[in-house]
Amino acid sequence: MTVHVCSDADEAVSGVEDGATVLVGGFGMAGMPVELIDALIRQGATGLTVVSNNAGNGDTGLAALLGKGRVRRIVCSFPRQSDSWVFDRLYRAGRIELEVVPQGTLAERMRAAGAGIGAFFSPTGVGTPLAEGRETREIAGRTYVLEYPIKGDLALIGAHRADRMGNLVYRKTARNFGPVMATAATTVVAQVSEIVDVGAIDPEAVVTPSIYVDRIVRTGVPAA
Amino acid sequence: MTVHVCSDADEAVSGVEDGATVLVGGFGMAGMPVELIDALIRQGATGLTVVSNNAGNGDTGLAALLGKGRVRRIVCSFPRQSDSWVFDRLYRAGRIELEVVPQGTLAERMRAAGAGIGAFFSPTGVGTPLAEGRETREIAGRTYVLEYPIKGDLALIGAHRADRMGNLVYRKTARNFGPVMATAATTVVAQVSEIVDVGAIDPEAVVTPSIYVDRIVRTGVPAA
Amino acid sequence: MNTTTPPVENLGRGPLGKDEMAARVARDIEHGSYVNLGIGLPTLVADHLPEGSGVVLHTENGMLNMGPAAGPGQVDPDLTNAGKIPVTELPGAAYFHHADSFAMMRGGHLDTCVLGAFQVSATGDLANWHTGAPDAIPAVGGAMDLAIGAKKVFVMMTLFTKDGTPKLVPHCTYPLTGLGCVDRVYTDLATFRVGPEGATVLETFGIAYAELAARLDLPLPATRLS
Amino acid sequence: MNTTTPPVENLGRGPLGKDEMAARVARDIEHGSYVNLGIGLPTLVADHLPEGSGVVLHTENGMLNMGPAAGPGQVDPDLTNAGKIPVTELPGAAYFHHADSFAMMRGGHLDTCVLGAFQVSATGDLANWHTGAPDAIPAVGGAMDLAIGAKKVFVMMTLFTKDGTPKLVPHCTYPLTGLGCVDRVYTDLATFRVGPEGATVLETFGIAYAELAARLDLPLPATRLS
């Protein structure tokens, strides 16, 4: 349905319920929807499941959400980083559940959710601890593990530019998980640096078509 | 590996072996690589399996390839059209095998081949004759049918513009199957209306990255 | 609280013509929704969407915000709809490849899709791709993807074949396109809701409910829960 | 006809330094190939590709034709490599999202990927994501995708840990990243081929073959089929 152009990030994240599954874009800081995460902290929803590549860096953004105790469970590929002290402390204290998923499988499981695929056989992780106890199958001489979709109630993504219909383009490697998460959540919220008139984005260059986007909000260009 | 810029369509399709599986782009005439198909007819390979949305229109292009008796088997979603008389005649004479696949499943099976997915569960076609005798599974309350990848030895696609590295962009709905087929074949040949210098295509707007493209050839803009 | 509503009988008029059917479907398409109109009769619906409806049309060959059919001088062989008819592009359009286009459908992102049909069953099974004739060449195209590919699936068809056989049936006899996928059936004589509970009549056109029920070979309660 | 080739012993010199290892790997990367260089040691390989090699670097966070690390004044927070280091863009680059980027890897489209490792087995099993320490927080990132995601997988590592334990082993004791996925192992002391037939030495640096074989706990035939 028609995209809603929000006046601020607080409006953009209104209505998130306790226990929701939230897909959070970004790879490191590139594409990280910092203002939306800050607004989600103010909004107050708790008991969240967060799906994101990392488990927060430093003390801001996703790390701050974790630090406030709002996240019950995190699904990510690479939680352990030099500056993931907030997550590390929670994890070692047994105060957060962790599901580690190979990075490409994480992306493909969200793509499957967005594409209506019930499950898929992936060669990634076969024979490793991450596939232990899981269904495997040999197909044409190769072994695969069965992977299921990951669907969000909410996706928070950082894009570059939106038109007033909700078509999105990204910048460079900040594209990363945004276009995939936009297909995989019931409500998709994008923070962008610029909102332009309908017709100002080349239809050949649209990365996330408007159909996937529910709310957009213009925020300042995130600090480097 | 580095793309080869061919001097003509005949060079572009050289080396195709009898019995090869050839993915042929296009939806109707939009994106149909007519010059490459004509060159494939001259090249002479026979006993081919062709994967394409339609089974040829009129007497040219794919229909001509069929008409020459070079195609043993066709995998497509919509063979029967008002102008598919060449296919119709061969089919009714028992001189061509047909596998009918729902259009989206056809695209997704090629995507799976390109993405290294061993098989996937799709809701499309469940309970219909096209899923009869196939493996099904109920996942989260919905029934799915298991679909396998379709991989080509060769893909012939029609794009709009290439740079000299092989990055491709398309035009409007002529994009259709091209980007998917480009990921799903061992050798990918693209005919384009224009070859430009490296750097002349916006990296944000590349649709088929150069890694997927083996040979490019400039041909005239196909007649409407 | 559940209430029951009897069907609205629009008498003192004939059955709906094609354009009236299209207008009737258009009335049920929500403002700002994303819609796929199937080949044939459903294409007419586009002409009846009100000015400023904000409806965005999807064509499964890879486009959102498709415009009307191309007029003279507007034909571009690279820009067609799923029926291979030259069309136009509206501001805010987006192009994408076939895997992405059908992922959009299969993933349930379209709000509504409107399809033609040979038969629809009372429980919403759809048959619209194959007559089952033994010598017919099977051709499915995007029919099965569309059947399961929208939040709401509307069928638009005449209620009877030319020889008077009902197309809304207890069980489809033609090969199926999709199982339990249809939500509403818009016909020249009546509009129906179909689904797990069976068929109910929402309204009739130029025919009394009792006469309609008598001509159909299925249970058709006179009232429905709403 | 199969012939056998003894390993080349490069004596009269010490083991390879980091940059010499990187240069050695670079020599085996084909002109015009598409390559992913893992985080850490493998990143150095980029500096040793010859001018005009035509090699196109992939970074799994969504880019082809990545350029060198960003210099002062070139840093763009939206343009980083998989190690989150600011990088640059070369002409002919392309950006794509994560599902497309990992489809490219999983689908076997990269010609070569170069990875670091904790351990590699003689049959090509790779362990490079987890030390198995019970209190370690598991973090896999793209390691498992890379391990299976290229036509050829090269490992680049020192042959022994600091305390002298071999990292080329009969069977990995650390948790696996991938099964039978490594083709070649480039180390400071020797280059190996690994695979279903076990490990063979292609060349040594600053150590005689016999001494190398004695220090490793695995069968190491002195000749190989070629």
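Details of the structure are given in the entry above.
Residues numbered from 1 in each chain as written. Chains lettered and ligands numbered in written order. Predicted model: local features only at pLDDT ≥ 70, side-chain atom pairs only at ≥ 80, totals over all residues. Heavy atoms only, no water.

(A) Looking closely at the overall build of chain A. Across its full length, chain A carries six helices and 14 strands. Compactness check: chain A gives a C-alpha radius of gyration of 17 Å against a globular reference of 17 Å for 224 residues, within 12% of the reference. The C-alpha extent of chain A, read off along each of the three principal axes, is 50 × 45 × 30 Å. Residues classed as buried in chain A amount to 64% of the 224 residues present. Taking the intrachain contacts of chain A between residues at least 6 apart in sequence as the baseline, contacts between residues at least 24 apart amount to 73%. (Helix = DSSP H or I, 4+ residues; strand = E, 2+ residues; numbered from the N terminus. Rg over C-alpha atoms; globule rule 2.2 N^0.38 Å. Buried < 20%, exposed > 50% of the residue type's maximum accessible area, 1.4 Å probe, protein only. Contact = heavy atoms within 4.5 Å.)

(B) Spatial organisation of the interface of chain B and chain C. If you look at the interface, chain B gives 44 residues, while chain C gives 36 residues. Summed over both partners, the interface of chain B with chain C buries about 3,300 Å², with 62% contributed by carbon and sulfur atoms. If you sort the residues of chain B by the area they bury against chain C, Phe27, Lys172 and Thr173 of chain B come out on top, with a joint share of 19%. Seen at the junction of chain B and chain C, the total is four salt bridges. In this structure, Arg171 of chain B engages Asp78 of chain C in a salt bridge whose closest nitrogen and oxygen atoms are separated by 2.9 Å. Summed over the shared surface of chain B and chain C, the result is 19 residue pairs in polar contact (both at pLDDT 80 or more). Looking at the side of chain B that touches chain C, the elements with two or more residues in it are α4 (85-92), β5 (97-100), α5 (103-115) and α6 (178-181) of chain B. The element best represented in the side of chain B that touches chain C is α5 of chain B, accounting for six residues. (Buried area = accessible area lost by both parts, 1.4 Å probe. Salt bridge = Lys/Arg side-chain N within 4 Å of Asp/Glu carboxyl O. Polar contact = N/O pair within 3.5 Å; in protein donor to acceptor, adjacent residues only side chain to side chain.)

(C) Quick peek at the pattern of salt bridges. Summed over the entire model, instances satisfying the criterion amount to 42 salt bridges over all chains. Put simply, Arg42 of chain B and Asp10 of chain B hold a salt bridge, and the shortest N to O gap is 2.9 Å. Taken together, the positions of Arg42 of chain B in helix α2 (residues 34-43) and Asp10 of chain B in helix α1 (residues 9-12) put the pair 32 residues apart, joining distant regions of the chain. The exposure class assigned to Asp10 of chain B is partly exposed, which follows from its relative accessible area of 35%. Look at the salt bridges and you will find they share partners, linking Arg72, Arg73, Glu97, Glu99 and Arg109 of chain A into a network.

(D) Layout of the environment of Leu37 of chain C. Counting through the fold element by element, Leu37 of chain C comes out in strand β3 (residues 34-37). When neighbours within four sequence positions are excluded, Leu37 of chain C is seen to be in contact with Pro42, Thr43, Val45, Ala46, Leu57 and Val114 of chain C.

(E) Just the side chain of Asn53 of chain A, in detail. The residue Asn53 of chain A is located in the loop between β3 (48-51) and α3 (62-67) in this model. On the basis of relative accessibility, which here comes to 1%, the residue Asn53 of chain A falls in the buried class. In this structure the side chain of Asn53 of chain A is engaged in a polar contact, spanning 3.5 Å, whose partner is the side chain of Asn54 of chain A. At 2.8 Å, the side chain of Asn53 of chain A and the side chain of Ser77 of chain A are in polar contact. Leaving out residues up to four positions away in the same chain, Asn53 of chain A has contacts with Gly26, Phe27, Cys76, Ser77, Phe78, Gln103, Leu106 and Phe177 of chain A together with Lys84 of chain D.

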